[in-house]
Structure formats: C-alpha cells, structure tokens
Amino acid sequence: MRREVFPMSTPTTTEQQRSRMPNPLPFLPEMAEVGEGLHKALQNGVIPPTTISLLQLRAGQLLGSTYFTIRETGTLRRLGESEERITAVATWRDATYFTDAERVALELVEAVLTPNPSGERVPDELYARASAHYDDKAMWSLIMAIAHIGFFTPAALIAKPIPGMPPGRNYNK
C-alpha cells in the first residue's frame, strides 16, 4: 500500500503569510545553539520520532499554536503516519490508534501543560506508568521533547512564525 507524501502547506492569505516579529537569530544568535542542542537530544534514537511528533502535536493543540500543529502534522505525514492517527491525537484517550507507550507520552505532555488546581501535575502514578514503558534515558528524552516545545512556545505564541514554513523562512520581517 503506497502512502501519499504531503508537502508542507503554504499559507494562502496575506495575513497568514506575515509573522508578528522578525527572525530572532539576528538579535539572539545564541538561540540557534540552544535550539540545535534540543533538536539533537530528540534525535538520539531512544524515542521513536513518531512518538515525539505525536506528543509535540498534542502540545501544540493544548497551547493553541497553529504553527506547532501544522509543523507536527507535516512531520507525521512525512513519517508515513495515517490521517486517522494524526487526526485522533486530539481525542487520543478514546481513540484506538495508539500504543500504550504513545498513550502515556500523550498523557505526560498533557499533565505537564495543563494546570491542576487540586494537586501536582505529574503524580507518582503517572510517572510509574510512564517509567514502565520508558527507561531513564528514554524518560529524559521524553522530558526534553516536552522541554523543546516549552522553549519555543513563547516564540510560537507571541512572535507567530508563519505556519507551514521551514525554520529560517518562517519569519518575514
């Protein structure tokens, strides 16, 4: 069965093609080194790239970031993921498309990003379920996948890089 490869989409309206702010690298070139380090940590092979993109897509949904959701949807398509799995991330608790390890990664990112007024965000029970699927190195890799989103969240929400455009071309001023 041949899977279609979907290219990154190109924004269609003038408003979507403008970022609020210019590329940050001329102002803070050190960001490139930090971002590169986070990317490298995620590519250590311990966590499948699909799992990383699934949890980052869910993070983008929770944060209300069009940039993140479009980026990770495109990444998942390039990885050969089905439209059903990609779409079901929003309702992963009820969907049957995910492994137990993927489910706990999705639950973990939700716990970290969702305030819990009645207790800690990541209770011992959730940590125990996650550590049943991931050893210490893999847990740190999951933590860094969530930290990666956390690092870029202010830029995505405040500066509003252009959705669907690759890094380096996602700012236009």
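What counts, and at which threshold
Residues numbered from 1 in each chain as written. Predicted model: local features only at pLDDT ≥ 70, side-chain atom pairs only at ≥ 80, totals over all residues. Heavy atoms only, no water. Helix = DSSP H or I, 4+ residues; strand = E, 2+ residues; numbered from the N terminus. Buried < 20%, exposed > 50% of the residue type's maximum accessible area, 1.4 Å probe, protein only. Contact = heavy atoms within 4.5 Å. Expected span 1.5 Å × (residues − 1). Bend = angle between axes of the 7 residues up to and from the residue. Polar contact = N/O pair within 3.5 Å; in protein donor to acceptor, adjacent residues only side chain to side chain. Core = buried A, V, L, I, M, F, W, Y, C linked by side-chain atoms within 4.5 Å.

*Asks:* So what exactly am I meant to see when it comes to the environment of Gly168 here?
*Replies:* Tracing the sequence through the fold places Gly168 in the segment after α7 (136-159). Judged by its relative accessible area of 57%, Gly168 falls in the exposed class.

*Asks:* Honestly, the side chain of Thr50 in this entry has me stumped. Any pointers?
*Replies:* In this fold, Thr50 is placed in helix α2 (residues 49-63). Looking at Thr50, the relative accessible area reads 14%, which means it is buried. Discounting residues that sit within four places of it in the chain, Thr50 has contacts with Leu76, Leu79, Glu81, Arg85 and Glu102.

*Asks:* What exactly am I supposed to notice about helix α3 (residues 66-78) here?
*Replies:* One full turn of an α-helix is made of 3.6 residues, so residues set three or four places apart face in the same direction. Between its terminal C-alpha atoms α3 stretches 18 Å, which fits the 18 Å expected from 13 residues at 1.5 Å a residue. Among all positions of α3, only Tyr67, Phe68, Thr69, Arg71, Glu72, Thr73, Gly74 and Leu76 are buried. Positive backbone phi, at 90°, marks Gly80, one or two positions downstream of α3.

*Asks:* I would appreciate a short explanation of α7 in the present structure.
*Replies:* For α7, built from 24 residues, the straight-helix expectation of 34 Å at 1.5 Å per residue is met to within 8% by its first-to-last C-alpha distance of 35 Å. At Phe152, α7 is deflected by roughly 45°, the largest bend along its length, and proline Pro154 occurs up to four residues later in sequence. Among the structural elements, α1 (30-42), α2, α3, α5 (100-113) and α6 (124-133) are those in contact with the buried residues of α7. Capping the start of α7, Asp135 holds a side-chain oxygen 3.2 Å from the backbone nitrogen of Lys137, two or three residues further along. Of the residues trailing α7, Lys160 is marked for its positive phi of about 50°.

*Asks:* Sorry, what's going on with the nonpolar core here?
*Replies:* Nonpolar side chains tend toward joint burial in soluble globular proteins. In this structure, Ile47, Leu55, Phe68, Leu108, Tyr134, Met139 and Leu142 are the most contacted members of the largest nonpolar core, which totals 23 residues. Of all the secondary structure elements, the ones that give two or more residues to this core are α2, α3, α5, α6 and α7. The element that contributes the greatest number of residues to this core is α7, accounting for eight residues. Setting aside its immediate chain neighbours within four residues, Tyr134 contacts Ile47, Thr51, Ala101, Glu102, Val104, Ala105, Met139 and Leu142.

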